[in-house]
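# Overview (structure and organization)
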Number of protein chains: 2
Amino acid sequence: METRIERIKKHLHSSSYKLTPQREATVRVLLEHEEDHLSAEDVYLLVKEKSPEIGLATVYRTLELLTELKIVDKINFGDGVSRYDLRQEGAAHFHHHLVCIECGAVDEIQEDLLEDVEAVVEQRWNFKIKDHRLTFHGICYRCQDKDEE
Amino acid sequence: METRIERIKKHLHSSSYKLTPQREATVRVLLEHEEDHLSAEDVYLLVKEKSPEIGLATVYRTLELLTELKIVDKINFGDGVSRYDLRQEGAAHFHHHLVCIECGAVDEIQEDLLEDVEAVVEQRWNFKIKDHRLTFHGICYRCQDKDEE
DNA sequence: TTAATAAATTAAAATGATTGTTATTTAAAA
DNA sequence: TTTTAAATAACAATCATTTTAATTTATTAA
């Protein structure tokens, strides 16, 4: 945890940004909720618990900055809010998501799975892929079990 | 064109909705701009050209209805607006998108390409896939040509 | 160390997309 | 035709996000 913070700090410094207390508090919340897909408001409320003086706009600015530096990815599941997801260290590509249309749960797929598809797209459409977003909508294993009862 | 309108009309009727003049005007705009990825506001402005009395809220409600009936798909490319995309008739799955990070162009991929990936996901993650969203971000062929100049 | 400068933050206001409300209109059913 | 329900227009309200202006914090140069 501390080492990841250190690395993020260096990442910021290398682009001549500082890891201010507010930014550090925000990063810590993201690290502590790596499994979740928090909205800016979610992050704000969690940061506020430890640093009550922080403002929502600062959280937005921090998330924007982290997105720019590709430390987090901004993603949108179709409800009205953007969600922010820490990128795995060293991951070349953004991971995928499984959104359950029954319970709303969001699970992650860390495996790439798209190598072949991307090769086809680059070739057939002559498109230089820099990033991707892949989300499946369906029924998660938990709700399938529930349905059987 | 007329036959597609007819089919959409029947689709609405089968769920006991009517194809009102406002709804028809909206559907026509979508049909006439099938290649584009219009926001609600875009649709509104285009509908207004032919039917100036229409209200923005009606366009929103119509798009929402069409989305519910899976006649259009609502998609979000990360700018602040939802975009609406007619589903190909008879298409089981939503098509994919190529978003150019230089010029902003959005191209479509109608081919599925995901069959293998979906088989893996259904099996390995025990997830019943109902739909998907796949978007690639990168440099389109037009901008690649431009860069070479 | 101190004055000057730049970066970051707060708090509040502004913006822009989307949704809700109410009165009215239109269409369908009795 | 009368009644009822669905759909709409016009406007107000809401919600996420961004901007602004004043203030604070950190950094640099004297």
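Taking an unreviewed UniProt entry as the reference, chain A is identified by name as Ferric uptake regulation protein belonging to Robertmurraya siralis. Looking at chain A in UniProt, the text filed under Sequence similarities (unreviewed entry) is "Belongs to the Fur family."

## Here's the deal with the sheet that holds strand S1 (residues 38–39) of chain B
Residues and elements named next belong to chain B. Judged by pairing direction, the sheet is antiparallel, and its three strands sit side by side in the order S1-S3-S2 without closing on themselves. Each edge of the sheet is formed by a strand with only one pairing partner; in this case those strands are S1 and strand S2 (72–76). Bridge analysis of S1 against strand S3 (residues 82–86) gives two bridges, and the strand direction is antiparallel. Following the sheet pairing, Leu38 is matched in S3 by Tyr84.

## With respect to the pairing of strand S5 (residues 106–109) of chain A
All names here are of chain A. The sheet contact formed by strand S4 (residues 96–100) and S5 spans four bridges and is antiparallel. Note on S5: the bridge partner recorded for Leu98 is Asp107. Adjacent in sequence and paired antiparallel, S4 and S5 are bridged by five residues, among which Gly104 carries a positive phi angle near 85 degrees.

## A word on the layout of surface pockets
Looking at the largest pocket, its volume works out to about 1500 Å³. Along the wall of the largest pocket there are 49 residues; nearest its centre are Ile75(A), Asn76(A), Asn76(B), Phe77(B) and Gly78(B). Secondary-structure elements contributing two or more residues to the lining of the largest pocket are helix H4 (56–68), strand S2 (72–76), strand S3 (82–86) and strand S6 (128–139) of chain A together with helix H4 (56–68), S2, strand S4 (96–100) and strand S6 (128–139) of chain B. Looking at the lining of the largest pocket, its residues break down into 16 nonpolar, 15 polar and 18 charged.

Parameters at a glance
- Residues numbered from 1 in each chain as written.
- Chains lettered and ligands numbered in written order.
- Predicted model: local features only at pLDDT ≥ 70, side-chain atom pairs only at ≥ 80, totals over all residues.
- Heavy atoms only, no water.
- UniProt positions renumbered as here; feature names shortened; annotations may be inferred.
- Pairing = 2+ DSSP bridges.
- Helix = DSSP H or I, 4+ residues; strand = E, 2+ residues; numbered from the N terminus.
- 1 Å grid on protein atoms, 1.4 Å probe; cavity = no way out; pocket = protein on both sides within 12 Å on 5 of 7 lines; lining within 4 Å.
- Points joined across faces, edges and corners; volume = space filled by probe spheres on them.
- Nonpolar A, V, L, I, M, F, W, Y, C, P; charged D, E, K, R; others polar.

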